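Architecture at a glance
In case you want the letters, here they are:
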Amino acid sequence: MKKFMVIAVIFVGLTAFSQSKILPAEVQIKMALLAAPEMYRDDATVLGYDKDGRLITLRQGNNGMICLADDPNKEGISIACYSKELEPFMARGRALIAEGKTEAEKREVRKKEIDAGTLKMPDEPAMVYVLSAEDKDLDPETGELTTSWTRYVLYKPYMTGESTGLPTKPQAPGMPWLMDANTHRSHIMISPAKPQK
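The name given to the chain in an unreviewed UniProt entry is DUF4412 domain-containing protein, with Aequorivita ciconiae as the source organism.

Laid out in structure tokens, this is it:
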């Protein structure tokens, strides 16, 4: 009985801690839009978390840009904005993780579905902007970040080093390279150097 009580107290504590990290909707929206180019911010759709930690639409937009607020259950800050053409791919990944699939299983399922044509990927390269920061750099009341950095990712399945002329391993900060070349999730990475404090 004591063991059960300890587990219950830990679970309740963790749940309360997780919920306490969920920022107000207006702060989540403000932060999520930081990852988008300025020209897309006013009309972007923003996905974020309700008080119970469920992913919901916080703001419906109409310009084809979707921004995903920081996940309060993960360490560090990571915000992504991407073309709506990538939403089937992104949503499927979230659904598979929610089902308990591992990262490797998620990749395998999405590969099979993309190859079968049941999971639609963009015909043209589609952009993802990923803004990162450390937890200590966030003012949770305003959503302002003292330091952050952005990675740029361009998805298109089955790109190769030969077809793009890109190296398939990182060479130097800020230099584009092709990650997961010749796979269903091949993407061009552009990662500027992390800012020094």
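1. Thoughts on the state of the cysteines
This structure, assessed with the given rule, holds one disulfide. Through a disulfide, Cys-67 is tied to Cys-81; the S-S separation comes to 2.2 Å. Between Cys-67 and Cys-81, the S-S dihedral sits near 110°, and the bridge is therefore right-handed. In this pair, Cys-67 sits in strand S3 (residues 65–68) while Cys-81 sits in strand S4 (residues 77–83), placing the two residues 14 residues apart along the sequence. Judged on exposure class, the residue Cys-67 and its partner Cys-81 are both buried.

2. A word on the packing of aromatic side chains
One pass over the full model with this rule turns up two aromatic pairs. Ring geometry for Phe-89 versus Tyr-155: centroids 5.7 Å apart, planes at 55°, classification tilted. Residue Phe-89 is located in helix H4 (residues 87–98), and its partner Tyr-155 is located in strand S8 (residues 149–155); the two are separated by 66 residues in the primary sequence. When its relative accessible area of 1% is taken as the criterion, Phe-89 is described as buried. One residue, Arg-110, lies across the ring of Phe-89, its end atom 3.7 Å from the ring centre.

Quick notes on the rules
- Residues numbered from 1 in each chain as written.
- Predicted model: local features only at pLDDT ≥ 70, side-chain atom pairs only at ≥ 80, totals over all residues.
- Heavy atoms only, no water.
- Disulfide = S-S within 2.5 Å.
- Helix = DSSP H or I, 4+ residues; strand = E, 2+ residues; numbered from the N terminus.
- Buried < 20%, exposed > 50% of the residue type's maximum accessible area, 1.4 Å probe, protein only.
- Phe/Tyr/Trp six-rings, centres within 6.5 Å; stacked < 30°, edge-to-face > 60°.
- Lys NZ or Arg CZ within 6 Å of the ring centre and 35° of its normal.

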